[in-house]
Amino acid sequence: CIRYLFRKPRNWRVRHGGNFVMQNTSVKVDAREVNSLADKIVGASKITEKNLDTAVKKFAFLIASTAVHRIQKSKPSGRVYRRRSVSHRASAPGESPSTDTGRLVSSIRPIFKGSMQAEVGSLDNIAKYGGWLEEGTKYMAARPWLAPSLKENEAALNKYVTTAIKTGGIAD
């Protein structure tokens, strides 16, 4: 009943803060179908749209914060290179990207697209390379940061929705 879709980098527009911006790789979470199914579950409390909306928002913030944490706390094992007087150790293929300027981390955020719908990704007007890091290119192997965050928190979404259905509220 809960759908989450991992979007590969594409040029598509989302509304953020009154402006349209490009967003590359993202995870879309949609819980609109759960509300109608909850009426058929024996022992379920009267679930409200607000409770499911809270569950989706909480999950979106959890994915975003996990992605940021994975990038900031990564221990890169790639090559070291110098740019002017600053040296940087890159991440190896398959590792979360290592922070250099902090632009990717500052671009990761959830965007709420209506009741019980959210997307988490990097805003393209801040860091255009988020999708390239996630999926890789023909010149660079992937350094995934969003898919591992989603996988790490899948159980949390089930917990949030189950709690919303059983008790009518969201546990912290």
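Reading guide: rules and limits
- Residues numbered from 1 in each chain as written.
- Predicted model: local features only at pLDDT ≥ 70, side-chain atom pairs only at ≥ 80, totals over all residues.
- Heavy atoms only, no water.
- 1 Å grid on protein atoms, 1.4 Å probe; cavity = no way out; pocket = protein on both sides within 12 Å on 5 of 7 lines; lining within 4 Å.
- Points joined across faces, edges and corners; volume = space filled by probe spheres on them.
- Helix = DSSP H or I, 4+ residues; strand = E, 2+ residues; numbered from the N terminus.
- Nonpolar A, V, L, I, M, F, W, Y, C, P; charged D, E, K, R; others polar.
- pLDDT = per-residue confidence, 0-100.
- Contact = heavy atoms within 4.5 Å.
- Axes fitted to C-alpha atoms, helices over the stretch in contact; angles between N-to-C directions.
- Parallel < 35°, antiparallel > 145°, perpendicular 65-115°, else oblique.
- Left-handed = near helix turned anticlockwise from the far one by under 90°.

A few points about the layout of surface pockets
No. 1: Its boundaries defined by the atoms lining it, the largest pocket holds a volume of some 360 Å³.
No. 2: Surrounding the largest pocket, 20 residues form its lining, Tyr81, His88, Ser98, Asp100 and Leu133 being those nearest its centre.
No. 3: Of all the secondary structure elements, the ones that give two or more residues to the lining of the largest pocket are β4 (80-83) and α3 (103-107).
No. 4: Of the residues in the lining of the largest pocket, the class split is 9 nonpolar, 6 polar and 5 charged.

Thoughts on the confidence of the model for the protein chain
No. 1: The predicted model of the protein chain has a mean per-residue pLDDT of 76, with 69% of residues at 70 or higher.
No. 2: Looking at the elements of the protein chain, mean pLDDT is at its lowest for strand β2 (residues 12-16), recorded as 42, and at its highest for α3, recorded as 89.
No. 3: Counted against residues more than four places away or in other chains, residues 9-23, with its pLDDT under 50, gives 40 contacts.

Topic: the packing of helix α2 (residues 49-72) against helix α6 (residues 154-167)
Axis angle and axis distance: for two packed helices, these are the angle between their axes and the distance between the axes, and together they describe the pair.
No. 1: Two numbers describe how α2 lies on α6: the axes approach to 9 Å, and their chain directions differ by 165°. Overall, the two elements α2 and α6 adopt an arrangement that is roughly antiparallel. For the pair α2 and α6, the crossing hand works out as right-handed. On α6, the residues touching Asn51, Leu52, Ala55, Lys58, Phe59 and Leu62 of α2 are Ala156, Leu157, Tyr160, Val161 and Ala164.

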